[in-house]
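Residues per chain, in single letters:
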Amino acid sequence: MVRAELFPAGCIIKNMILPKIKIQRLTQLSEIRLFYKFLNHPQYPNHKNLIYNAHPKLRVLLESEVNSKAAVKKYIKNMISAHRTAIEKAASDAAISARSLKHCLEALGKSMGFRWRKPIAYVARPTLLPFSPFDKLSFSFSILSRVYGKELESFSRIAIHEISHFVLFEMLKSIEKQGKLSSDARHYLKEAVTAALFNEAPLSRALRIENYPGNPEIRLLRVKFPSKAPLPLVKWIRDEYSKSSNFPDLLIRLVRIFRASQKELGKKRKMWNRYGKKIFEERRLRNNYSRPILIAKKKGLEKLSLP
Ligand SMILES: [Zn+2]
């Protein structure tokens, strides 16, 4: 069995309070719930395809069994007992890695101009899902590659990626008092911001990253400002970030721009949910998805100092 790693409540680096990352073990019940949730998720319908691609035997099982809950249960039970050693190894490696992330967490705080006010612990759980979902202050990290004998994406990158979302949501609480973002705009904002920050110092240095592509959903998105050539969304945020190096101010501007672009972002998301990674393969879909989001004519952006 993988032991849950318990850490003291927080640690302090050069007067900066840093959060802890606590690894919890994978349990059969929580895994079944997680699979069931993402096989039927209303906001992430495409995740079902990701699960089917990664677990073809589950698909066969679900197609032949009447009771889908029982089928998921049967499949997960078998997976966990067949791959127990690999699962435990992945979880204990993550626990070791979690203890050495102080410099990355510090870089994350610096990159976002954010300070944790009190010591908190984020919970990380290994999962057999092919992606790493999160929920409030906890996230799951996929260990599926380890089970299939492939190289595992580094725990530190997954952890800092997910924690960057938690920090962003914390910062959005006050910014969104002026008006909330739609869930699609929020989703794209969080992924684009994380991809941008991971490619810029200090995070790129702390995580030893070069060319971090980020979530596939934001890779093809582009923006277009008046009398400028279209730019990839992430490239534009990176440029703005390196110019201002004041992330909270930049975030306020980004929220306004994303709010003004909610309609287009909603359309992009609909497309992604329908076609998923096919968008990378088929030219027509690709062209459509990467058609630039026009920023110029938006209402409420007149007062902004656009680039
Ligand atoms: Zn993400």
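Please read these numbers as outputs of a predicted model, since none were measured by experiment.

Relative to each other, helix α9 (residues 183-198) and helix α13 (residues 262-275) sit at 80°, their axes nearing to 8 Å. Judged on the interaxial angle alone, α13 and α9 are roughly perpendicular. Each of D184, A185, H187 and Y188 in α9 lies in contact with α13, whose residues at this interface are Q262, L265, G266 and R269.

Okay, the sheet that holds strand β3 (residues 20-23) next. Strand order in the open sheet formed by 4 strands is β3-β4-β6-β5, and the pairing between neighbours is mixed. Looking along the sheet, the strands with just one partner apiece sit at the ends: β3 and β5 (134-135). Here 4 bridges tie β3 to strand β4 (residues 121-127), and the two strands are oriented parallel to one another. Bridge pairing in β4 places K22 opposite V123.

All right, on to the pairing of strand β6 (residues 138-142) then. Counting buried residues in β6 gives 4 out of 5 residues, a clear majority hidden from the surface. Where β5 and β6 come together, 2 bridges link them in antiparallel fashion. Across the sheet, F134 pairs through a bridge with F139, a residue of β6. Adjacent in sequence and paired antiparallel, β5 and β6 are bridged by 2 residues, among which K136 carries a positive phi angle near 50°.

The next thing to look at is unusual backbone geometry. Between A201 and the following residue, P202, the backbone shows a cis peptide bond with an omega angle of 5°. Structurally, the position occupied by P202 is in the loop between α9 and α10 (203-206). The residue K136 is not glycine, and still its phi comes out positive at about 50°. Its location among the elements puts K136 in the loop between β5 and β6. C-beta crowding within 10 Å serves as the criterion here: with 9 such atoms nearby, K136 is assigned to the exposed category.

Another aspect to go through is the nonpolar core. The biggest cluster of nonpolar side chains holds 67 residues, and the ones touching the most others in it are L108, A192, I237 and F258. Looking at this core, the element that brings in the most residues is α9, giving 9 residues. Here this core spans two domains, since at least three of its residues come from each of domain 1 (11-155) and domain 2 (179-294). Not counting the four nearest positions on each side in its chain, I237 is found in contact with A192, V193, A196 and L254.

For the rest of this paragraph, the subject is the sheet that holds strand β8 (residues 231-232). The mixed open sheet is built from 3 strands, whose spatial order is β8-β7-β9. Edge positions in the sheet fall to β8 and β9 (293-294), since each has one partner strand and no second. As judged from the 2 bridges shared by strand β7 (residues 222-224) and β8, these two strands associate in the antiparallel manner. Following the sheet pairing, V223 is matched in β8 by L231.

Of note, Y188 is situated in helix α9. You can call Y188 buried: it has 26 C-beta atoms within 10 Å. On a C-alpha basis, the gap between Y188 and I120 in space is 26 Å, while along the polypeptide they are 68 residues apart. Excluding anything up to four places from it in sequence, Y188 contacts I218, L221, F258 and L265.

The subject of this paragraph is the confidence of the model for the chain. The share of residues in the chain with pLDDT of 70 or more is 92%, and the mean pLDDT across the chain is 89. Overall, residues 1-10 carries pLDDT values under 50, and its contacts beyond four positions in sequence, including any with other chains, amount to 23 contacts. pLDDT under 50 marks residues 302-307. Its contacts with residues more than four places away, or in other chains, come to 7 contacts.

This part covers the domain arrangement of the chain. For an interface, size is often stated in terms of accessible area lost upon the parts coming together. Structurally, the chain comprises domain 1 (11-155) and domain 2 (179-294). In this structure, domain 1 and domain 2 have C-alpha centres spaced 24 Å apart. At the interface, 12 residues of domain 1 touch 12 residues of domain 2. Looking at which element gives the most residues to the side of domain 1 that touches domain 2, the answer is helix α6 (residues 102-111), with 6 residues. Considered class by class, the residues forming the side of domain 1 that touches domain 2 number 5 nonpolar, 6 polar and 1 charged.

Procedures and definitions
- Along every chain, residues carry numbers that run from 1 in the direction the sequence is written.
- Totals for whole chains, interfaces and linings use all residues, but because this is a predicted model, local features are given only for residues with pLDDT of at least 70 and pairs of side-chain atoms are given and counted only at 80 or more.
- Angles here are taken between N-to-C directions and fall from 0 to 180 degrees, while the axes themselves are lines fitted to C-alpha atoms, restricted in helices to the stretch in contact.
- Comment: elements are numbered from the N terminus, with helices defined as DSSP H or I runs of at least four residues and strands as E runs of at least two.
- Put simply, angles under 35 degrees are roughly parallel, angles over 145 are roughly antiparallel, angles from 65 to 115 are roughly perpendicular, and the rest are oblique.
- A pair of residues counts as a contact when their C-beta atoms, built from backbone coordinates, are separated by no more than 7 Å.
- Think of it this way: DSSP has to see at least two bridges between two strands before they count as a pair.
- Remark: C-beta atoms are placed from the backbone, and a residue is labelled buried if 20 or more other C-beta atoms sit within 10 Å of its own, exposed if 12 or fewer do, or partly exposed between those counts.
- Note on terminology: a nonpolar core is any set of buried Ala, Val, Leu, Ile, Met, Phe, Trp, Tyr and Cys residues joined through C-beta atoms within 7 Å.
- Segmentation of the chain into domains, including their bounds, is taken from an automatic or database domain assignment.
- Each residue gets a pLDDT score, which is the predictor's confidence in that residue and runs from 0 to 100.
- Under this grouping Gly is polar, as are all residues other than the nonpolar Ala, Val, Leu, Ile, Met, Phe, Trp, Tyr, Cys and Pro and the charged Asp, Glu, Lys and Arg.

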